[in-house]
Amino acid sequence: MSRLAILFAASEMAPWVKTGGLGDVAAALPAALRRARHDIRVLIPAYPALHKAFPGATVLADLPALAPALPPARLLAAEADGLPLILLDCPELFARSGNPYLDALGHDWPDNAIRFGLLSRVAALLGQAGSPLGWQPDVVHVNDWQTALAPAWLHYEGGAASVVTVHNIAFQGTFAAGHLMALGLPEYAWRFDGVEYHGQLSFLKAGLQLATLISTVSPTYAGEIQHAHFGYGLAPLLRHRADALRGILNGVDTALWNPASDPTLAAPYAANRLAAKRENKRALQGEMGLEPAVDRPLFGIISRLTQQKGLDLVLTLGEGITQLPAQLAVLGSGDKAIEAGFSSLAASHPGQIAVRLGFDEALAHRIEAGADCFLMPSRFEPCGLNQMYSLRYGTPPIVRATGGLADTVVDASDATLADRTGNGFVIDEATPHALWLALERATRCWHKRKVWQRIQQNGMRRDFSWEHAAHDYVALYRDAIAAHG
Ligand code: ADP
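Residues numbered from 1 in each chain as written. Predicted model: local features only at pLDDT ≥ 70, side-chain atom pairs only at ≥ 80, totals over all residues. Heavy atoms only, no water.

- The name recorded for the protein chain in an unreviewed UniProt entry is Glycogen synthase, from Candidatus Dechloromonas phosphorivorans.

So, in structure tokens, the structure goes:
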């Protein structure tokens, strides 16, 4: 198969600038595509963290003002572990530390349309004949609203095939109509089947309308966002473009999340050495102040504490969990009412329910390893990482059938245990009753040692590596190139 030239454009990239899943994908997917020997280059704004990480970046090109509101800028070249980065250097727009989208008070930067208008414009330019780089990508891959306007220029002016990936459809980048001319888009783009959206300019809508192909981060979520409940207003457009829409599940960092070599654990273990997992449970019980009980399962939660994650259902069950009997260890932060709910639950059940409020990466690893079973009853979940970590750690998850959870967790039944796919517990309804039945069922299974081990091993065997996802993205790129003609 021929080698592809790919421009991957994103507004964040781990470890330098990250607010969510996009930052992880922007680091892991290009690296995996490079390992597969494709010519991939990543375009990202030269935020202060990037200048600091790459002080030796060299100038690739000077860009003139590309539109009335867009200032001149420079492109710098850097390399991260062999992966070529193209840094978009424009201090008046990007020399701001912290969250890349919000000011210190948590408000959107007032010039975000200009900042990410420039990023989108440059992503398109690099896919066009007028590129200053002397390098032509076969496909321009943009991500979320911040780069989703690029396909508009590629569509109206010509250039490479384009792919837009939706990591979170709730954020759409919608701005006043005057930005059409300010950003240098043609007047005729102002149409219902162009960049206009309810009288405004919508970056994400433009990308979904005009990119050659569209993807999102799990197959089930690709179906869900075509329905009003999940689509945040864009469901009708996505239904219209259903043939162009794919779902590709994110991978996970299999080196960082590997119970056989995880340095934060009390004892390493693997699918064929599960006994050592018990030491991790003992250590976690000690660390979190839980009684060292061996006669009941320990449920774990690691989460942003928000309505999305369905943890209010866990709070409703409250002390019922201790009566299963079972223990509960929670790590999370977010919504103050949910935080207070878990704190008071832990206070009334010392030794059985423990809560840590805050963000603690190492403790997250130890909960994945030390818990028997993981709880993630999300109302919606585009992809989700924690259920994949828990599958890898032999900690079968209880999830709701939505988005990436539905695509990774297979309910354990006689049939799915026989065919070696059953790896957790799945509920359909986001109700306390449904969750309660699943907790009871998981507790019963946990007491049947052989059955439980089978469920654990089925999860641990599954391949969640980025190589798998990268392969699917390459197929998507080839289809986009073919459709583009
Ligand atoms: P989301 O991106 O919606 O928050 P995911 O499951 O996709 O949910 O990813 C969450 C990531 O953040 C995981 O890597 C998880 O381990 C981590 N995480 C969430 N809350 C915490 C916390 N309080 N402490 C440590 N890690 C956390």
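There is more to say, and it comes next.
Remarks on the layout of surface pockets
To locate leftover empty space, one rolls a probe as large as a water molecule over the atoms.
Then, in step 1: Looking at the second largest pocket, its volume works out to about 460 Å³.
Then, in step 2: Secondary-structure elements contributing two or more residues to the lining of the second largest pocket are α12 (277-288) and α21 (449-461).
Then, in step 3: It is α12 that contributes the most residues to the lining of the second largest pocket, five residues altogether.
Then, in step 4: Grouping the constituent residues of the lining of the second largest pocket by class yields seven nonpolar, three polar and six charged. (1 Å grid on protein atoms, 1.4 Å probe; cavity = no way out; pocket = protein on both sides within 12 Å on 5 of 7 lines; lining within 4 Å. Points joined across faces, edges and corners; volume = space filled by probe spheres on them. Helix = DSSP H or I, 4+ residues; strand = E, 2+ residues; numbered from the N terminus. Nonpolar A, V, L, I, M, F, W, Y, C, P; charged D, E, K, R; others polar.)

A word on the site of the ligand
Then, in step 1: The local shell around the ligand holds 17 residues, among which R304, K309, G358, D360 and L385 are the closest.
Then, in step 2: In this structure, G358 approaches the ligand through a main-chain N or O atom, which is 2.7 Å from a nitrogen atom.
Then, in step 3: Here an oxygen atom of the ligand and a side-chain polar atom of N386 are 3.1 Å apart.
Then, in step 4: Going through the elements one at a time, β13 (298-305), β14 (327-334), α16 (361-370) and α17 (386-392) are the ones with two or more residues in the shell around the ligand.
Then, in step 5: At three residues, the largest contribution of residues to the shell around the ligand is made by β13. (Near = heavy atom within 4 Å. Polar contact = N/O pair within 3.5 Å; in protein donor to acceptor, adjacent residues only side chain to side chain.)

Description of the UniProt feature "domain: Starch synthase catalytic" (unreviewed entry) in the protein chain
Then, in step 1: What UniProt calls "domain: Starch synthase catalytic" (unreviewed entry) maps, in this numbering, to residues 6-240.
Then, in step 2: Here residues 6-240 runs as 34% helix and 23% strand, with 27 Å between its end C-alpha atoms. (UniProt positions renumbered as here; feature names shortened; annotations may be inferred.)

Remarks on the packing of aromatic side chains
Two descriptors summarise a pair of aromatic rings, namely the distance from one centre to the other and the angle between the planes of the rings.
Then, in step 1: One pass over the full model with this rule turns up 14 aromatic pairs.
Then, in step 2: Both rings, one in W145 and one in F203, keep their centres 5.5 Å apart while their planes meet at 75°; by these two values the pair is edge-to-face. One end of the pair, W145, is in helix α5 (residues 144-147); the other, F203, is in helix α8 (residues 203-210), and 58 residues separate them in sequence.
Then, in step 3: Among the aromatic side chains, those forming a connected cluster through ring pairs are Y47, F94, Y101, F116, W145, F175 and F203.
Then, in step 4: Across from the ring centre of W109, 4.6 Å away, lies the NZ or CZ of R96, which sits over that ring. (Phe/Tyr/Trp six-rings, centres within 6.5 Å; stacked < 30°, edge-to-face > 60°. Lys NZ or Arg CZ within 6 Å of the ring centre and 35° of its normal.)

Some words on the UniProt feature "domain: Glycosyl transferase family" (unreviewed entry) in the protein chain
Then, in step 1: Those residues carrying the UniProt feature "domain: Glycosyl transferase family" (unreviewed entry) are residues 294-454 in this numbering.
Then, in step 2: Between the end C-alpha atoms of residues 294-454 there is a gap of 20 Å, over a span that is 46% helix and 20% strand.

Considerations on the sheet that holds strand β10 (residues 200-202)
Then, in step 1: Pairing is antiparallel across the open sheet formed by three strands, whose spatial order is β8-β10-β9. Every other strand in the sheet has two partners, leaving β8 (174-175) and β9 (196-197) as the edge strands with one partner each.
Then, in step 2: Two strands pair when backbone bridges link them, and β8 and β10 are joined in this way by two bridges, in the antiparallel orientation. Residue pairing for β10: F175 is matched across the bridge by L201.
Then, in step 3: Packing of α8 onto the sheet brings it into contact with β8, β9 and β10, and relative to β10 it is tilted by some 60°. (Pairing = 2+ DSSP bridges. Contact = heavy atoms within 4.5 Å. Axes fitted to C-alpha atoms, helices over the stretch in contact; angles between N-to-C directions.)

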